[in-house]
Amino acid sequence: MGLKTKDLLGVSSLTSDEIRLILETSESFKEVSGREIKKVPALRGKTVVNLFFEPSTRTRTSFELAAKRLSADVINFSPSTSSIVKGETLLDTARNIESMQADIIVLRHSSPGAAETLAKGVRSSVINAGDGWHEHPTQALLDLFTIKERKPNIEGLTVTIVGDIAHSRVARSNIFALTKLGATVRLVAPPTMIPLHVDRFGVSVFSSLDAGLEGADVIIMLRLQLERLGRAFFPSIREYARLYCLTMDRMKRAKPDVMIMHPGPLNRGVEIAPEIADSQSAVILDQVANGVAVRMGLMYLLSGSGQA
Amino acid sequence: MNMLIRGGTVIDPGQFHGLGDVFIRAGKIEAIGEHLSIAESDMVELTIIDAQGLVVAPGFVDLHAHLREPGFEHKETIETGASSAVAGGFTSVCCMPNTSPVNDNQAVTEFILSRAKQAGKANIFPIGAITKGSEGVELAEIGDLFAAGCVAISDDGRPVMNSQVMRRAMEYAQAFDLPVVDHCECLHLSDGGCMNEGFVSTELGMPGIPNASEDVMVARNIALAELTGARLHLAHLSTAGSVRLTRQAKANGIPVTAEVCPHHFSLTDEAARDFHANAKMSPPLRSAADVEALKEGLADDTIDTIATDHAPHAIQEKQMEFDKAPFGIVGFETAFPLTMALVEEGVLSLERAIEKLTSAPARAFSLKKGTLAVGSDADVVLLDPSHSWVIDPTQFHSKSQNTPFTGWNVKGKVIKTIVAGTIVYGSD
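The structure presented is a predicted model; accordingly, all values stated were derived computationally and were not measured. (Residues numbered from 1 in each chain as written. Chains lettered and ligands numbered in written order. Predicted model: local features only at pLDDT ≥ 70, side-chain atom pairs only at ≥ 80, totals over all residues. Heavy atoms only, no water.)

1. Some details on the overall build of chain A
Step number 1: For chain A, the helix and strand inventory stands at 11 helices and nine strands.
Step number 2: In terms of overall dimensions, chain A is globule-like: its C-alpha atoms have a radius of gyration of 19 Å, near the 19 Å expected for 308 residues.
Step number 3: A principal-axis box enclosing the C-alpha atoms of chain A has dimensions of 55 × 45 × 35 Å.
Step number 4: Excluding contacts between residues fewer than 6 apart, the proportion of contacts in chain A whose partners are at least 24 apart in sequence is 73%.
Step number 5: Carbon and sulfur atoms make up 52% of the accessible area of chain A, which amounts to about 12,700 Å² in all.
Step number 6: Looking at charge distribution, chain A has the averaged site of its 37 positive side-chain charges lying 2 Å from that of its 33 negative ones. (Helix = DSSP H or I, 4+ residues; strand = E, 2+ residues; numbered from the N terminus. Rg over C-alpha atoms; globule rule 2.2 N^0.38 Å. Contact = heavy atoms within 4.5 Å. Areas by Shrake-Rupley, 256 points an atom, 1.4 Å probe, with all protein chains shown as cover. Lys, Arg positive; Asp, Glu negative; His and termini not counted. Charge placed at Lys NZ, Arg CZ, Asp CG, Glu CD.)

The following block contains the structure:
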């Protein structure tokens, strides 16, 4: 069994079986990263282009590492917004890259839907590495992978996502992924950061962090985008931290074996207390390691190798 | 040259509805009635048009269009816009001032009118800006604009945010009995949004424009119309809230008229799901509940007219990412069949649908158009309400093809358009 589509644009279009397939495939690739020689020939002769219109070090590096460990040739293309001459559309840029025989294009872009638009215009496989506030599917997949390492059965888990849900592609992809696998999802944020009708995703919404943490199996803390300050979403970082920072005291409301996750980079002392980030409950660095494995698994499946 | 349109179902809203002939002499409606007998002297150079099975109506009047000239001729020119208009049955078009330069002075108005004269085809009525440069600060020379031929004032896509400036504009416009047209949008509430704020925008991660962005400005404008007594025309209503507010204002005797665009009663924000900017317009496509409210508003005459908000954009502009692409779609050549869908659905009778495209808009802006009354300009459209066809933008007469209706199977076709007694669209 392989993936139905040539692209991975979002979690919302994946079936729960496809999600499981990606996770299972990724497991075998996790072992590769533990070897002394961290390389398999699965994508030898294939070309992966990282097309990043938004600055990102960790996601790009993770994709790059994943592709290299699969023996693919990797090109990093990071057009800064200033060098995108007026008039060249995303599609034109991508067609240029396609002409260089790229097999997989990994796209990070500030516009929601950019990956879908691109995928319709090129024959290469497109992986969405984050499009605006829309989706960041590989982040959600690596989060699921990480959860399963400690809590293998996602169904029935209570997962609390805390932070700026409205402007978070990580939140959206995780909501889709977790609900598809049967988890109970809670969202915690000031009401200014909760998008309209989000309850229709089958999640429950809390404005009180304490209430949202009660009995949680997993807590996903989102990074507070400091540039939201001054735009009336919240009064001050001080007040945000007082109300929404995950502290040791608050964490006691969750299950004793609660897992603490964060997509990074951390604002220590803003959304997460430093002692929590460094505690046994935190799996933040596992997430980073698993990111490479999941991206390897995904590229392997998309390259057609999984359908042999 | 004389013309006899024979044997059609003549619908002149509120005036005449039945089988009959229309006789045109020297560009004016000369007579209307059953089996007209034409004097021997009029038989010379008489064009006879067989309208059997067709509806003969006044040419449509569009209160809201963007012809893009001067400044954006790559999207549309007055000539291509006029060709598109008459292909859609519109013989009179009011064009918004957001050209470059903005139509905020006599010279631009005169330029538009002279280009319109060269283009021929449709009658073009410019709408002047409310404020200089549509910047919302200082009033444009509204008296000059009126003298040059503007029929209304509006800052359309750049609505006047300062309520005091809007109040003064409404007061001042009364000196010329000019309607003040507002694109009701609170830009603070829209805050860079690019589609309706609702479940779909939440799912797509798209910045949303809430209904309240329109509603608060409709409410403000109604309050200002009550204060000043100005003639207020509300452009392209899209929300249930603004229909409700307008209905209440009319019941209270406040001088307000309102329009709706075909896309707002034909589509919902679900159309944005494929991220193609042909579903991006301002105001945005709203929810199913809003669509229902708009239809109710049309049915009970809260909404007086159907206007296109014809907004051509080049292909490469609409191919951009959804949030970066410009707002707007072309509208002239799809307006009639989309309106006919309301007739099929029973929202409006055919006569009332035609009224909202002809006499009602003419009345709102005091244009001597939209009628087949004897002595009026012979602007006439021949329609086949039951003709089915598939919308194909490559066949449009507009320079642009940005429509979300590609491939729609629709009913209702414009067969022939006549302006001042001359056939400007459709074969002889």
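Now that the structure has been shown, we can carry on.
2. Concerning the pattern of salt bridges
Step number 1: Taken as a whole and assessed by the stated rule, the structure comprises 40 salt bridges over all chains.
Step number 2: Of the charged contacts in the structure, one is a salt bridge between B:Lys132 and B:Glu138, with a shortest N-O distance of 3.3 Å.
Step number 3: Overall, the relative accessible area of 37% leaves B:Lys132 in the partly exposed class.
Step number 4: Take B:Glu138: its relative accessible area is 48%, and that puts it in the partly exposed class.
Step number 5: Of the charged contacts, one joins B:Arg231 and B:Asp177 as a salt bridge, the two residues approaching to 3.3 Å between their closest N and O atoms. Of the two residues, B:Arg231 sits in the loop between α7 (211-228) and β13 (232-234) while B:Asp177 sits in the loop between α4 (163-173) and β10 (180-182), which places them 54 residues apart along the sequence.
Step number 6: Three or more residues joined by partner-sharing salt bridges are found here, namely A:Lys151, A:Asp217, A:Lys255 and A:Asp257. (Salt bridge = Lys/Arg side-chain N within 4 Å of Asp/Glu carboxyl O. Buried < 20%, exposed > 50% of the residue type's maximum accessible area, 1.4 Å probe, protein only.)

3. Focus: the environment of A:Arg69
All names here are of chain A.
Step number 1: Residue position: Arg69 is located in helix α2 (residues 58-69).
Step number 2: By relative accessible area, Arg69 is classed as buried at 17%.
Step number 3: Spatially, the C-alpha atoms of Arg69 and Glu116 are 27 Å apart, while their sequence positions differ by 47 residues.
Step number 4: Beyond its immediate chain neighbours, meaning those up to four positions away, Arg69 contacts Ser33, Lys38, Lys39, Val40, Val292 and Met296.

4. Description of the packing of aromatic side chains
Step number 1: Here the structure, examined in full by the defined rule, presents 11 aromatic pairs over all chains.
Step number 2: For the pair A:Phe176 and A:Phe201, a centre-to-centre distance of 5.2 Å together with 90 degrees between the ring planes defines the contact as edge-to-face. Of this pair, A:Phe176 sits in helix α6 (residues 169-180) while A:Phe201 sits in the loop between β6 (184-188) and β7 (204-206), placing them 25 residues apart in sequence. The same class applies to A:Phe176 and to A:Phe201, which are both buried.
Step number 3: Residues B:Phe60 and B:Phe90 carry aromatic rings whose centres are separated by 5.4 Å and whose planes lie at 70 degrees to one another, so their mutual orientation is edge-to-face. One end of the pair, B:Phe60, is in strand β6 (residues 60-65); the other, B:Phe90, is in strand β7 (residues 90-95), with 30 residues separating them in the sequence.
Step number 4: The buried category is assigned to B:Phe90, whose relative accessible area is 0%.
Step number 5: Following the ring pairs from residue to residue traces out a cluster consisting of B:Phe60, B:Phe90, B:Phe332 and B:Phe336.
Step number 6: Taking the ring centre of A:Phe63 as reference, the NZ or CZ of A:Arg295 above it sits at 4.8 Å. (Phe/Tyr/Trp six-rings, centres within 6.5 Å; stacked < 30°, edge-to-face > 60°. Lys NZ or Arg CZ within 6 Å of the ring centre and 35° of its normal.)

5. A closer look at the confidence of the model for chain B
Step number 1: On average, chain B scores 97 in pLDDT, and the residues at 70 or more come to 100%.
Step number 2: Quick note on the complex model: pTM equals 0.95, ipTM equals 0.93. (pLDDT = per-residue confidence, 0-100.)

6. Considering the sheet that holds strand β3 (residues 104-109) of chain A
Residues and elements named next belong to chain A.
Step number 1: Strand order in the open sheet made by the four strands is β2-β1-β3-β4, with parallel pairing throughout. A strand with exactly one partner marks an edge of an open sheet, and here the two such strands are β2 (73-77) and β4 (125-131). For this sheet, the mean angle separating the axes of adjacent strands, direction not counted, is 15 degrees.
Step number 2: With five bridges joining them, β3 and β4 adopt parallel strand pairing. Looking across to β4, one finds that Leu107 is bridged to Asn128. (Pairing = 2+ DSSP bridges. Axes fitted to C-alpha atoms, helices over the stretch in contact; angles between N-to-C directions.)

7. Considerations on the pairing of β6(A)
Regular strands show a simple pattern: their side chains alternate between the two faces of the sheet.
All names here are of chain A.
Step number 1: β6 sits mainly inside the fold: four of its five residues count as buried.
Step number 2: Direction of pairing for strand β5 (residues 158-162) relative to β6: parallel, over a ladder of five bridges. Within β6, the residue paired with Val159 across the bridge is Val185.
Step number 3: In terms of strand pairing, β6 meets β7 through three bridges, oriented parallel. Bridge pairing links Arg186 to Ser204 in β7.

8. Comments concerning the sheet that holds β13(B)
Residue and element names in this part refer to chain B.
Step number 1: With parallel pairing, eight strands are arranged side by side in an open sheet as β6-β7-β8-β9-β10-β13-β14-β15. The sheet terminates laterally at β6 and β15 (305-306), the two strands that pair on one side only.
Step number 2: Sheet topology note: the β7/strand β8 (residues 123-128) ladder contains four bridges and is parallel. Counterpart to Ser92 in the pairing with β8 is Asn123.
Step number 3: Here helix α8 (residues 240-251) sits on the sheet and contacts β13 and β14 (256-260); the angle it forms with β14, its principal contact strand, is near 150 degrees.

9. Concerning the nonpolar core
Step number 1: Among the nonpolar cores identified, the biggest contains 89 residues, and A:Ile161, A:Ile165, A:Leu178, A:Leu187, A:Ile219, A:Ile260 and A:Met299 are the most heavily contacted of them.
Step number 2: Considering each element in turn, this core owes the most residues, eight residues, to helix α11 (residues 284-302) of chain A.
Step number 3: The residues contacting A:Ile219, other than those within four sequence positions of it, are A:Thr160, A:Val162, A:Leu213, A:Leu246, A:Ala254, A:Val258, A:Met259, A:Ile260 and A:Met261.
Step number 4: B:Val55, B:Ala230, B:Val256 and B:Leu383 belong to the second largest nonpolar core, which has 70 residues in total. (Core = buried A, V, L, I, M, F, W, Y, C linked by side-chain atoms within 4.5 Å.)

10. With respect to the layout of surface pockets
Residues and elements named next belong to chain A.
Step number 1: Of the pockets and cavities examined, the largest pocket occupies roughly 1,200 Å³.
Step number 2: Along its surface, the largest pocket is lined by 48 residues, and Arg108, Arg169, Gln225, Gly264 and Pro265 are the ones closest to its centre.
Step number 3: Elements that contribute at least two residues to the lining of the largest pocket include exactly α2, α5 (137-150), α6 and α11.
Step number 4: Element by element, the count of residues in the lining of the largest pocket is highest for α11, at eight residues.
Step number 5: The class makeup of the residues in the lining of the largest pocket is 19 nonpolar, 16 polar and 13 charged. (1 Å grid on protein atoms, 1.4 Å probe; cavity = no way out; pocket = protein on both sides within 12 Å on 5 of 7 lines; lining within 4 Å. Points joined across faces, edges and corners; volume = space filled by probe spheres on them. Nonpolar A, V, L, I, M, F, W, Y, C, P; charged D, E, K, R; others polar.)

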